[in-house]
Amino acid sequence: PYKRTRDVVRFLRDALSGEKVRKEYETFSVSGFKLGVRPTEPVPILVAALREGMLRLAGREGDGAIVNWLSADDVSTVAPIVKAFGEDKEVVARIFVAVSEDADAMRAAGRFAIAAYLNVPVYAAFHELLGRVDDLEIKAQIIFSLGQTAEKSHDFEMAVRFYREALGMEPC
């Protein structure tokens, strides 16, 4: 995905200039693409990135990075990697919002989402980069188990205690 993402960013940069694009990129070629309307202002190109390689790519080739599943404190780890290529580089975070009057249901959904998320190797590696936890795979399994137990027993305090101790973060 790294080389393809790099080439797509390069293509977008070329295409957004408004000129016809005829070019061989390493992972694909374009033979005559032209936008119907040339942008009147520069269009920022932000790259969704988690780990250092893609974060560097976002700063070097793009105008910044879009990050996901991190805390406000984690920005101090991620932003310097992107901004090493210029202080004007942006770091944009995706924020999850759950609108409901059923707080218990939203907390259960949050526990489930976090457990599922931390079981995906690329996301687990991202949180290792952030220094959040030492053994994400085991902790994700524990989160899922405790989340299920807490959900069944309605023991929200147990889930809160676990999140604080194991992950150093507040529950959803």
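Computed from a predicted model, the values in this text were never measured in an experiment.

To continue, consider the side chain of K89. With respect to the helices, strands and loops of the structure, K89 is situated in the loop between α3 (75-83) and β5 (90-93). D63 provides the closest opposite charge to the buried, unpaired K89, separated from it by 4.5 Å. In terms of polar contacts, K89 uses its side chain to reach the backbone carbonyl oxygen of G59, at 3.0 Å.

Let's shift gears to the packing of aromatic side chains. The tally for this structure, following the rule as stated, stands at four aromatic pairs. Here F11 and F28 contribute two aromatic rings whose centre-to-centre distance is 6.3 Å and whose plane-to-plane angle is 80°, an arrangement assigned as edge-to-face. One end of the pair, F11, is in helix α1 (residues 2-15); the other, F28, is in the loop between β1 (21-24) and β2 (29-33), and 17 residues separate them in sequence. Pair check on accessibility: F11 and F28 agree, each one buried. Judged by centre distance (5.1 Å) and plane angle (35°), the rings of Y25 and F28 are tilted. Of the residues examined, Y25 reaches a relative accessible area of 8% and is grouped as buried. Aromatic ring contacts, followed pair by pair, group F11, Y25, F28 and F33 into a single cluster.

The next point concerns a nonpolar patch on the surface. Judged by side-chain polarity, I95, V97 and V99 come together as a nonpolar surface patch covering roughly 390 Å² of accessible area. Here V99 shows up in the loop between β5 and α4 (103-118). Using a relative accessible area of 79% as the deciding quantity, one classes V99 as exposed.

Okay, the pairing of β1 next. Side-chain positions along a regular strand alternate between the two faces of the sheet. As defined by bridge partners, β1 adjoins β2 across four bridges and the pair is classed as antiparallel. Within the sheet, the bridge partner assigned to K23 lies in β2 and is V30. With antiparallel pairing between neighbouring strands as the criterion, β1 and β2 make up a hairpin whose turn holds four residues.

Turning our eyes to something else, we now look at the nonpolar core. Counting residues in each nonpolar core, the largest one holds 20 residues, and the members touching the most others are L55, A65, L70, V78 and F126. Where this core is concerned, the elements lending two or more residues are α2 (52-60), β4 (64-67), α3 and α4. Considering every element that reaches this core, the biggest residue donor is α2, with four residues. Here V78 is in contact with L55, V67, L70, F126 and L130, once residues within four sequence places are set aside.

The subject of this paragraph is the sheet that holds β4. Overall, parallel pairing links the three strands, which are arranged β3-β4-β5 in an open sheet. Where the open sheet ends on each side, the last strands, each with one partner, are β3 (46-48) and β5. Averaged over all pairs of adjacent strands, the angle between their axes in this sheet comes to 25°, without regard to strand direction. For β3 and β4, the ladder comprises three bridges, and the chain directions are parallel. Across the sheet, the residue bridging to V47 is A65, located in β4. Across the sheet, α2 is in contact with β3 and β4; its angle to β4 comes to roughly 140°.

Thresholds, definitions, all that
Residues numbered from 1 in each chain as written. Predicted model: local features only at pLDDT ≥ 70, side-chain atom pairs only at ≥ 80, totals over all residues. Heavy atoms only, no water. Helix = DSSP H or I, 4+ residues; strand = E, 2+ residues; numbered from the N terminus. Buried < 20%, exposed > 50% of the residue type's maximum accessible area, 1.4 Å probe, protein only. Lys, Arg positive; Asp, Glu negative; His and termini not counted. Salt bridge = Lys/Arg side-chain N within 4 Å of Asp/Glu carboxyl O. Polar contact = N/O pair within 3.5 Å; in protein donor to acceptor, adjacent residues only side chain to side chain. Phe/Tyr/Trp six-rings, centres within 6.5 Å; stacked < 30°, edge-to-face > 60°. Patch = residues over 30% accessible without salt bridge, like charges linked within 9 Å, V, L, I, M, F, W, Y side chains within 5 Å. Areas by Shrake-Rupley, 256 points an atom, 1.4 Å probe, with all protein chains shown as cover. Pairing = 2+ DSSP bridges. Core = buried A, V, L, I, M, F, W, Y, C linked by side-chain atoms within 4.5 Å. Contact = heavy atoms within 4.5 Å. Axes fitted to C-alpha atoms, helices over the stretch in contact; angles between N-to-C directions.

That's the geometry; what it means functionally is another story.
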